[in-house]
Amino acid sequence: MLRFLALLGGIILRFTETTGRVLLLLLQVIKMMLIPPLEIRNTFKQALEIGVRSVPVVLVTAVFTGMVLALQTYTGFKRFGAEALVGSVVALSMTREMGPVLTGLIVAGRAGAAMAAELGTMRVTEQIDALETLATDPVKYLIVPRFISGLVVMPMLTVVADMIGILGGYAIAVWYYHTSSILYWKRAWDYLELSDLYGGLIKASFFGGMIALICCYEGFYTEGGAEGVGKATTGAVVISFMTILISDYFLTAWLIA
Amino acid sequence: MADSVIEVVDVHKSFGDNHVLRGVNLRVEKGQSMVVIGGSGSGKSVLMKHIIGLLRPDSGRVLISGVDITRLDKKHLYEIRKKFGMLFQGAALFDSMTVWENVSFALTRSGMKDREARMVAIEKLRLVGLRNVEDLMPSELSGGMRKRVGLARAIAHKPEILLYDEPTTGIDPIMADAINELIIKMREELNVTSVAITHDMHSAYRIAGRIAFLYEGQIVEEGAPDEIQNTSNPLTKQFITGSFEGPIKVEGISVS
Ligand SMILES: Nc1ncnc2c1ncn2[C@@H]1O[C@H](COP(=O)(O)OP(=O)(O)O)[C@@H](O)[C@H]1O
Ligand SMILES: [Mg+2]
């Protein structure tokens, strides 16, 4: 029991310390964002990197999520004769919840892991020290572009995921269950509010920034050679996943209120 | 006194319980070629990182041309850094860039156009004896070539001070001698002040104007190469002759 408490205390201590250090990094990033020169070329490169790495998986995930949503809703709602609502359930679920969260998990797993591994490798091979000796601030040069890309690219990917998911739902509702095509679009459209869409995009942007920040943090402060890079990478993905899922609840509660 | 470019004054540094530097004092004059020798893990790299301000000491001062860099804010520190070029032990080339982009990094960062930067990079690569490598990626180079590209990058912005972290470690003896030769050439042609750290005594004698021996976190002896060679200090003597027997004990091994 005592050992358990000690373990728990250790975890809480490490959690608060890490949170504090991530926030310090965030402050540094924000400060560096305001000082010229803007790293425009670099930021574009990073944005493209995140997009290219994530798009294929986002497409596949979104289409199947839309499809399974339609499948479940149709069979479930049929019991009380509400199968005409498939369109609105798919549209609401995708835009408000599934789009941003699934895209976030994918971006964390692909682009985020790559960020942690790349920065971690740069740390242990002294490339980050080399940047410093060449009078270049590594936070500004490496982290700021990734952070901005995360903020911007995540909502873009999420819009794509939303659309593809709704199309996936359409395929099942209309082609497989032969419900009315017009009704699917009408229901999807009628009950969807603009706030659903931009609420989802606010979440997406928040997730994108957090993923970049956490994964860069893990990579940037890597210690202990190649083994350390591996640890940093898995750590980055796990913490990003938890952060997305936990903050999703609180963001949703805040957006609803 | 006026002419000392680097002055390390009573620097202490610990990492947790590991008290690495225990009051290091070192002075390097303008145009001098200082070599710091010492065993693996004795803190040579840590000392070098203090000289260029990558690490801050727990106590003590580091003066570069009379300016205490341990108290500078980032902006002024980066200004001072422009005086330095550093060759890292593993070369630390940027993996994601071509050779010429590596070499001209500091130049393009300070606004030089790509075309011109590429020309300068090719010229610097020639200076270290490399041709037709400018468009390769670092992963395509051998260890010795990587070090030479690292050297070209370190000299591209015409630094006044060059730092070499184990320039000859991990490459074959012939390539090592070529690197020694280059270090001498840099001093003669570019007229720089330099600090090299190494545990390779052969290299130390070749390139050094002065040699300092770092042992247990302090500089225990400093002098011209022939003074070091004829030292009466038993610690230094054991180190430079590479003898197992002497006052320095290798943990876990004993002869009886
Ligand atoms: N950033 C760091 N964090 C913790 N310990 C470090 C760090 N850098 C160096 N050390 C420790 O300091 C000691 C000296 O390292 P170093 O200067 O690299 O030795 P060397 O003389 O071989 O260059 C080693 O015990 C090393 O583990
Ligand atoms: Mg070293």
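Further up the page is the structure itself.
Residues numbered from 1 in each chain as written. Chains lettered and ligands numbered in written order. Predicted model: local features only at pLDDT ≥ 70, side-chain atom pairs only at ≥ 80, totals over all residues. Heavy atoms only, no water.

(A) Seen up close, the overall build of chain B. Within chain B, the regular secondary structure consists of 10 helices and 10 strands. Computed over C-alpha atoms, the radius of gyration of chain B comes to 19 Å, within 12% of the 18 Å expected from 2.2 N^0.38 for 256 residues, which places it in the range of a compact globule. Overall, the C-alpha framework of chain B stretches about 65 × 40 × 35 Å when taken along its three principal axes. Expressed as a percentage of the 256 residues in chain B, the buried residues total 54%. Long-range pairs, those at least 24 residues apart, make up 61% of the contacts in chain B between residues at least 6 apart in sequence. With the model as given, the accessible surface of chain B reaches about 12000 Å², and the carbon-plus-sulfur share is 49%. (Helix = DSSP H or I, 4+ residues; strand = E, 2+ residues; numbered from the N terminus. Rg over C-alpha atoms; globule rule 2.2 N^0.38 Å. Buried < 20%, exposed > 50% of the residue type's maximum accessible area, 1.4 Å probe, protein only. Contact = heavy atoms within 4.5 Å. Areas by Shrake-Rupley, 256 points an atom, 1.4 Å probe, with all protein chains shown as cover.)

(B) Representation of unusual backbone geometry. Residue and element names in this part refer to chain B. The residue aspartate 10 is not glycine, and still its phi comes out positive at about 45°. One can find aspartate 10 in strand β1 (residues 4-15). One non-glycine residue with positive phi stands out, namely lysine 158, at about 55°. Judged by its relative accessible area of 67%, lysine 158 falls in the exposed class.

(C) Summary view of the packing of aromatic side chains. This model, assessed by the stated rule, comprises 15 aromatic pairs over all chains. Ring pairing ties together the aromatic residues Tyr170, Trp175, Tyr184 and Trp185 of chain A, which thus form one cluster. Directly above the aromatic system of phenylalanine 220 of chain A lies the positively charged group of arginine 123 of chain A, at a separation of 4.8 Å from the ring centroid. Sitting over the face of the ring of phenylalanine 94 of chain B, arginine 153 of chain B holds its NZ or CZ atom 4.6 Å from the ring centroid. (Phe/Tyr/Trp six-rings, centres within 6.5 Å; stacked < 30°, edge-to-face > 60°. Lys NZ or Arg CZ within 6 Å of the ring centre and 35° of its normal.)

(D) Just the layout of surface pockets, in detail. Estimates place the volume of the second largest pocket at around 1400 Å³. Lining of the second largest pocket is provided by 46 residues; of these, Glu39, Thr136 and Tyr141 of chain A together with Phe105 and Arg109 of chain B occupy positions nearest its centre. Those elements that place two or more of their residues in the lining of the second largest pocket are α1 (2-34), α2 (40-77), α3 (86-124) and α5 (138-176) of chain A together with α2 (74-81), α3 (99-103) and α4 (105-109) of chain B. The leading source of residues in the lining of the second largest pocket is α2 of chain A, at six residues. For the lining of the second largest pocket, the residue count by class is 18 nonpolar, 10 polar and 18 charged. (1 Å grid on protein atoms, 1.4 Å probe; cavity = no way out; pocket = protein on both sides within 12 Å on 5 of 7 lines; lining within 4 Å. Points joined across faces, edges and corners; volume = space filled by probe spheres on them. Nonpolar A, V, L, I, M, F, W, Y, C, P; charged D, E, K, R; others polar.)

(E) The interface of chain A and chain B, seen in detail. Taken together, the contact pairs 20 residues of chain A with 22 residues of chain B. Between chain A and chain B lies a buried interface of about 1800 Å² when both sides are counted; carbon and sulfur atoms form 54% of it. It is Glu126, Thr133 and Leu134 of chain A that lose the most area in chain A upon contact with chain B, and together they represent 33% of the buried surface on that side. Salt-bridge contacts for arginine 81 of chain B lead to glutamate 132 of chain A; the nearest nitrogen and oxygen are separated by 2.8 Å. Applying the counting rule to chain A against chain B returns eight residue pairs in polar contact (both at pLDDT 80 or more). Listed by contribution, the elements that provide at least two residues to the side of chain A that touches chain B are α1, α3, α4 (127-133) and α5 of chain A. (Buried area = accessible area lost by both parts, 1.4 Å probe. Salt bridge = Lys/Arg side-chain N within 4 Å of Asp/Glu carboxyl O. Polar contact = N/O pair within 3.5 Å; in protein donor to acceptor, adjacent residues only side chain to side chain.)

(F) Quick look at the site of ligand 1. All names here are of chain B. What surrounds ligand 1 is the set Phe15, Asn18, Val20, Gly39, Ser40, Gly41, Ser42, Gly43, Lys44, Ser45 and Val46. Within the side chain of serine 45, a nitrogen or oxygen atom sits 2.8 Å from an oxygen atom of ligand 1. Among the elements of the structure, β2 (18-29) and α1 (44-51) are those that each provide at least two residues to the shell around ligand 1. For the shell around ligand 1, the element with the most residues is α1, which contributes three residues. Residue classes in the shell around ligand 1 are distributed as three nonpolar, seven polar and one charged. (Near = heavy atom within 4 Å.)

(G) Looking closely at the sheet that holds strand β9 (residues 210-215) of chain B. Residues and elements named next belong to chain B. One open sheet accounts for six strands, arranged β6-β7-β8-β3-β9-β10; its pairing is mixed. A single partner strand is all that each edge strand has here, and the edge strands are β6 (84-87) and β10 (218-223). Taken over all neighbouring pairs, the strand axes of this sheet differ in orientation by 15° on average, direction set aside. Of the strand pairs in this sheet, β9 and β10 are connected by five bridges, and their pairing is antiparallel. Following the sheet pairing, phenylalanine 213 is matched in β10 by glutamate 221. Along the sheet, α1 contacts β3 (33-37), β6, β7 (161-165), β8 (193-198) and β9; its crossing angle with β8, the most-contacted strand, is approximately 160°. (Pairing = 2+ DSSP bridges. Axes fitted to C-alpha atoms, helices over the stretch in contact; angles between N-to-C directions.)

(H) Looking closely at the sheet that holds β2 of chain B. Residues and elements named next belong to chain B. The antiparallel open sheet is built from four strands, whose spatial order is β2-β1-β4-β5. The outermost strands of the open sheet, each flanked by one partner alone, are β2 and β5 (67-68). Taken together, the five bridges between β1 and strand β4 (residues 59-64) define a ladder with antiparallel strand orientation. When the bridges of β4 are listed, glutamate 7 appears paired with leucine 63. The strands that α1 touches are β1, β2 and β4; relative to β1, the one it contacts most, it runs at about 125°.

(I) Main features of a nonpolar patch on the surface. A cluster of nonpolar side chains, namely Met1, Leu2, Phe4, Leu5, Leu8 and Ile12 of chain A, defines an oily patch on the protein surface of about 690 Å² accessible area. Within the secondary structure, leucine 8 of chain A is located in helix α1. (Patch = residues over 30% accessible without salt bridge, like charges linked within 9 Å, V, L, I, M, F, W, Y side chains within 5 Å.)

(J) Spatial organisation of α2 of chain B. Taken together, the buried positions of α2 of chain B are occupied by Leu77, Tyr78, Ile80 and Arg81 of chain B. Looking straight down α2 of chain B, one finds that the buried residues subtend no more than 160° of arc, so they occupy a single side. Elements in contact with the buried residues of α2 of chain B: α4 and α5 of chain A together with β4, β5 and β6 of chain B. (Arc of directions from axis to C-beta.)

(K) Structural context of the pattern of salt bridges. Residues and elements named next belong to chain B. Counting across every chain of the model gives 24 salt bridges over all chains. For lysine 44, the salt bridge goes to glutamate 166, with nearest N and O atoms at 3.6 Å. Residue lysine 44 is located in helix α1, and its partner glutamate 166 is located in the loop between β7 and α7 (173-190); the two are separated by 122 residues in the primary sequence. Just as lysine 44 is buried, glutamate 166 falls in that class too.

(L) Fine view of the nonpolar core. Grouped together as the largest cluster of nonpolar side chains are 77 residues, with contacts concentrated most on Ile143 of chain A together with Ile6, Val36, Ile64 and Leu163 of chain B. Formed by 47 residues, the second largest nonpolar core is a distinct cluster that contains Val35, Val133, Met175 and Phe239 of chain B. (Core = buried A, V, L, I, M, F, W, Y, C linked by side-chain atoms within 4.5 Å.)

Read these as geometric descriptors, not functional statements.
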